[in-house]
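Topology and contacts: notes
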Amino acid sequence: MTATPVNTPRLDGYRMPAEFEAHRGCWMLWPKRGDTWRLGAKPAQAAFAEVARAIRQFEPVTVGVDRDQWENARAVLPDEIRVVEISSDDAWIRDTGPTFVVGPDHRLRGVDWQFNAWGGLNGGLYFPWSRDSLVAGKVLAIEGAGRYRAPLVMEGGSFHVDGQGTLITTKECLLNPNRNPGLDRLQIEACLKDYLNIEKVIWIDKGVYQDETDGHVDNLCCFTAPGEVLLTWTDDPGDPQYERSRKAFDLLSTATDARGRRLTVHRIHQPEPMAATPDECRGLDVSETAKPRRAGDRLAASYVNFYIANGGIVMPLFDDPRDRDAADLLARLFPGRNIVGVKSREILLGGGNIHCITQQVPSGGNRP
Ligand code: KQY
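A brief report on the enclosed structure follows. As the structure is a computational prediction, the values presented were derived from the model and not from experiment. (Residues numbered from 1 in each chain as written. Predicted model: local features only at pLDDT ≥ 70, side-chain atom pairs only at ≥ 80, totals over all residues. Heavy atoms only, no water.)

Another point: the site of the ligand. Near the ligand lie 15 residues; those nearest to it are Asp95, Glu212, His216, Gly350 and Cys356. One of the side-chain N or O atoms of Glu212 is found 2.5 Å from a nitrogen atom in the ligand. The contact in question runs from a nitrogen atom of the ligand to an N or O atom on the side chain of Asp218, over 3.1 Å. Coverage of the ligand by the protein chains reaches 99% of its 300 Å² of free accessible surface. Across the shell around the ligand, the residue classes tally to four nonpolar, six polar and five charged. (Near = heavy atom within 4 Å. Polar contact = N/O pair within 3.5 Å; in protein donor to acceptor, adjacent residues only side chain to side chain. Areas by Shrake-Rupley, 256 points an atom, 1.4 Å probe, with all protein chains shown as cover. Nonpolar A, V, L, I, M, F, W, Y, C, P; charged D, E, K, R; others polar.)

What follows is the structure, given as structure tokens:
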């Protein structure tokens, strides 16, 4: 008996566009869990609402909300933001939402990865994650987009694509035994090629120091255009981030992409190292089923964790003297897009930033 071949985006001619290509809109989820977000998630909800408002200047935004937060979210968010009921375990739609792919006819479908809360019972961040696992399917149903169920355990923040056949990721995350212990690097590459329709994978060793996702690339570097990458950086050789960024710089600046181009690597200096304060940690619910967040823990702050919208960049601000230089650099790298900064410490305290809480829906057309 011969096995029925499983359809994949590659076989069907679907590909994942780069984030800098045109969008139909953006999805977010509403934060509420008290062991991730302090003070009953109120400060985080204000920050998420600010991000949603910033993105709404450029494209439609939908926010998925648990039943018991629906009225609250609806009251806090402006009318022009769509609010729909979707339950989830936490609010990281970059990781739990679908990765949209576009077909030859410009039709949308989505890849639904296997999710295990960044490592399952071997270093994952909370248990259970069963509601998170259903988020991608629910978003695709609302969007009326077909669903590819991918066999890989991974998250949307663990890779970036240039839309022209190249994917960047980190070994620290995708080769971590807490994701796909039964698969080797070549098997993982083959799966990425099938489900994202890419040709080349660039493997960086490690992501940002103390990043609780096991080094998601979306906090370390991203494509700003085909052939151009932006990398978080520090000039301080005494900082544990220094070696990580230097190695990534050396690798990226000698790598070629799927089209054979040498990459241009831009560096964006990280903010001053920062940590969670005792007061911030006192505001968290105590929980047996989630990673404890302790005062003094370094936060994985990076300016690279921004969202590229149609005509805009929504970037994290840290109340740091480097905020201004970071915004100026992004303005130079993204001519024609307005740079909008949002104070993001409350999002950072939960272990991610603006890119991690957003998921673009591509329009399939060219950049506007
Ligand atoms: O890097 C991301 N895409 C998400 C960060 C998730 C942090 C979970 N606490």
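Let us now look at the sheet that holds strand E5 (residues 108–114). The strand order E4-E5-E6 describes an open sheet built from three strands, whose pairing is mixed. Looking at strand neighbours, the two that pair on one side only are strand E4 (99–102) and strand E6 (146–153), the edges of this open sheet. If you compare each strand with its neighbour and ignore which way they point, the axes differ by 30 degrees on average. In the sheet, E5 pairs with E6 via five bridges, with the strands oriented parallel. The residue of E6 that forms the bridge with Asp112 is Arg149. Strands E4, E5 and E6 of the sheet are contacted by helix H5 (residues 135–143), whose axis makes an angle of about 170 degrees with E5. (Pairing = 2+ DSSP bridges. Helix = DSSP H or I, 4+ residues; strand = E, 2+ residues; numbered from the N terminus. Axes fitted to C-alpha atoms, helices over the stretch in contact; angles between N-to-C directions. Contact = heavy atoms within 4.5 Å.)

On to the sheet that holds strand E11 (residues 228–233), then. Read from one edge of the open sheet, three strands run E10-E11-E12, paired in mixed fashion. Of all the strands in the sheet, just strand E10 (221–225) and strand E12 (264–269) have a single pairing partner and so form its edges. If you compare each strand with its neighbour and ignore which way they point, the axes differ by 30 degrees on average. In terms of strand pairing, E10 meets E11 through four bridges, oriented antiparallel. Paired with Ala225 across the two strands is Glu228, which belongs to E11. Strand contacts of helix H8 (residues 240–254): E10, E11 and E12, with the helix running at about 165 degrees to E11, the strand carrying the most contacts. Lying over the sheet, helix H10 (residues 323–333) contacts E10, E11 and E12, oriented at roughly 155 degrees with respect to E12.

Time to look at the pairing of strand E8 (residues 166–170). Among the five residues that make up E8, five are buried, leaving the element largely enclosed by the rest of the structure. What you see with E8 is no split at all: Thr166, Ile168 and Thr170 on one side and Leu167 and Thr169 on the other are buried throughout. Here three bridges tie strand E7 (residues 159–161) to E8, and the two strands are oriented antiparallel to one another. Directly across from Val161, in E8, lies its bridge partner Leu167. Connecting E7 to the antiparallel partner E8 that follows it, the hairpin turn spans four residues, and Gly163 within it adopts a positive phi of roughly 75 degrees. Relative to strand E9 (residues 200–204), E8 runs parallel, the two being bridged by five bridges. From the neighbouring strand, Ile168 faces E9, where its bridge partner is Ile202. (Buried < 20%, exposed > 50% of the residue type's maximum accessible area, 1.4 Å probe, protein only.)

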